[in-house]
Structures are given as C-alpha cells and as structure tokens.
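Architecture at a glance
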Amino acid sequence: MSVMEILEERSAFSFEVFPPKTDVGMEKLCGEGGVLDQLYTLNPDYISCTYGAGGTNVGKNLEVLDKIVKDGKTVGVTHFTCIGNTKEGIKDQLQTYLDHGIDHMLALRGDLPFGWTGTGGDLHYATELVKFARQEFGDKFTIAVAGSPEGHIACRSIEADIAFLKQKQDNGADYIMTQLCWDMDQFRWWLDAIRAAGIWMPVDVGIMPILDQAATINMALSRNGCVMPRALCEIISKNWIFPNPFDKDPFDANAAQKKEDFKKAGIEYTINQIDEYRACGINGIHLYALNKFEDVAYIAKEAGLLDLI
C-alpha cells in the first residue's frame, strides 16, 4: 500500500531516520536487532531516510533504504535534494532508487552547504525537482514535499511560501511533510491558509522529540528560525546547564540531573504537542526517531499513536 493510499484511508504514523557516517552507527541502525528492527515492532506506515548535509552520504542513505525494502515491514521513503546535481545525474539517481524498489521520495531543494549561495546544480528549487521527476518518471514515484508553517527562512514572505507550496502541488506533488513547528497558533493559521489557497494535499506533521537542550536550540535556530513558545523556553531555562548547553565540559555540578529533568519535561511537552496537532485534523504524525528507539517508542505509546490490539 502506498503512503497516499494510507493517508486517504486514515491517519498515518511514521518515523524519520538519518544515514550514520560510521560503520558502527550503521550497525546500530541496520544490524540484526538494531534500531530499524525495533522500530518495525511499532508498525509504522513508513520510515523516511534523510540525506547528509548538502546532499552528502547518499550511499549510506541507499543502504538504509535497501534494508527497509528488503525487510518488507514498511514503506521506505528517501529524501532527495537538488544540491550539486545535473538533470542527468538526478535522473540516474532516481532511476537507481526505482531499481532498488524505492518509489517514494521527499523532494527538497536541500539545505545549502556553508558558504553556498545556490544549489550548484541544474535545478534550483523543490518546485522544479517535483516537475522534473513527474516529467521523467510519470506516476512511478509518490512524491512528498516540505511545508513550512512558519515560512521557509529563505523565502521573502509566508504568503510567497504558500504560493510555492501550491506550485509544488500543481507540478505533481502528492502530500506534505511539515518542517518543525512548535508555535501551534501559527500552525493553525497556516493550515487554514493553505486550504484557502487551494492546497488539498494531505498534511503529515514532522515532530522532533525534545530530549536534549543543545539539540533543541540548534534545530530551532541554526536552519529553521523556529519560534520557541514560552512553555518550551521555561523548560530550557529551568534546566539550564552552565555556562551553556553546548559546552562539552560544563562546570555545572548538577548537569547530569538537569539533563535528566529536561528530557523528562521535554518528552511530556512532545506528547502534549502531538495531542494538539491531532486535534487540528492533520493526516499523520512523522516522528523524528533520531536513530534511537526507547524514547520515541514511549512517546508514540503515551500519545496514543500505536494500535495496541
């Protein structure tokens, strides 16, 4: 069953993983009894796998997806970007995915490597990638596209961002996977706005579990420019690790306890946010597994995302 068929029938539940850079990391993710095998036990509708920054680590991405396809427990979805690639290269790579049984993709421009001012390739935007994939492969791929409830940080306005999202739909995209968003008022506004703009695609919401101070701040500010609501800021402030959570050797004597307390509060915050998202009538929850199992399994169970019967 394709992801679109699932989304049309019911709410979906899925995970995102990333391709490890080391053999040890790959073994932990893809080895027997590893994280992927554990995630299968939760019966996700699909598992997506990212690229590395700037479209790197593609070989490991394919290796992860090969395992998902071979195991046959769920659908594998590859992230795919325009970064540093020609049309012919994109065509060849997409054909390789099809040859490996991977027929679902998330079409992205991709985060530009540090110092870059453009993609360095023939295609410059995700709108172009969607159109090119449809022209070259027809309906062979189910194509997801990113949606930014707060507007993409590189876009001139959120209204323009919504217009480009509509263009992705017009060019042949199937469904939306949202970028990180903690501002629920903004998300509700955005959901109403895209529907008013004629965007009918199902909305699958991306959720990053709040487990670590530094990772939370980094994800919000380094690439996405996300608003951090007061309740989330309070969790960070109450458990602040001195001198700062990015210091690998903090002088804070209570650092270990603060990390534990932050993680506990962050998990509760994540579960509550999933409740709020589901109350908006969205079409699915896409949980960033962060290549781990126990924490996301707990969150999924407590949020009522699992069919326990």
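In what follows, the accompanying structure is described. (Residues numbered from 1 in each chain as written. Predicted model: local features only at pLDDT ≥ 70, side-chain atom pairs only at ≥ 80, totals over all residues. Heavy atoms only, no water.)

What about unusual backbone geometry?
Across the junction of Phe242 and Pro243, the peptide omega takes the value 5°, indicating a cis bond. Tracing the backbone shows Pro243 in the loop between helix 10 (230-238) and helix 11 (255-279). Even without a glycine there, the phi angle at Leu290 is positive, about 60°. For Leu290, the position within the fold is in the loop between strand 8 (284-288) and helix 12 (294-302). If you check the backbone angles, Asn291 has positive phi at about 60° while not being a glycine. On the secondary structure map, Asn291 appears in the loop between strand 8 and helix 12. (Helix = DSSP H or I, 4+ residues; strand = E, 2+ residues; numbered from the N terminus.)

So, the nonpolar core
Residues Phe187 and Trp190 are the most contacted members of the largest nonpolar core, which totals 70 residues. At six residues, helix 8 (residues 184-196) tops the list of elements feeding residues into this core. Those residues within four positions of Trp190 in sequence are excluded, and the remaining contacts are Gly147, Ser148, Pro149, Ile158, Ile162, Leu165, Ile176, Thr178 and Val203. (Core = buried A, V, L, I, M, F, W, Y, C linked by side-chain atoms within 4.5 Å. Buried < 20%, exposed > 50% of the residue type's maximum accessible area, 1.4 Å probe, protein only. Contact = heavy atoms within 4.5 Å.)

Observations regarding the pattern of salt bridges
Under the counting rule described, the total for this entry stands at 12 salt bridges. Measuring nitrogen to oxygen at the nearest pair gives 3.4 Å for the salt bridge that ties Lys60 to Asp23. Of this pair, Lys60 sits in helix 4 (residues 58-71) while Asp23 sits in helix 2 (residues 23-30), and the two are 37 residues apart along the sequence. In this structure Lys60 comes out as buried when scored by relative accessible area, which is 18%. By relative accessible area, which is 61% here, Asp23 ends up exposed. A salt bridge links Asp37 to Lys67, with the shortest nitrogen-to-oxygen separation between them at 3.1 Å. Separated by 30 residues along the polypeptide, Asp37 in helix 3 (residues 35-40) and Lys67 in helix 4 bring together distant segments of the chain. Because the salt bridges share partners, they merge into one network encompassing Asp37, Lys67 and Asp71. (Salt bridge = Lys/Arg side-chain N within 4 Å of Asp/Glu carboxyl O.)

Observations regarding the sheet that holds strand 1 (residues 12-17)
In space, the eight strands of this closed barrel follow the order 1-2-3-4-5-6-7-8, with parallel pairing throughout. In this sheet, adjacent strand axes meet at a mean angle of 25° when their direction is disregarded. As judged from the four bridges shared by strand 1 and strand 2 (residues 46-49), these two strands associate in the parallel manner. Directly across from Phe15, in strand 2, lies its bridge partner Ile47. Sitting on the sheet, helix 8 touches strand 5 (142-147), strand 6 (175-178) and strand 7 (203-207), and the angle it makes with strand 7 is about 155°. (Pairing = 2+ DSSP bridges. Axes fitted to C-alpha atoms, helices over the stretch in contact; angles between N-to-C directions.)

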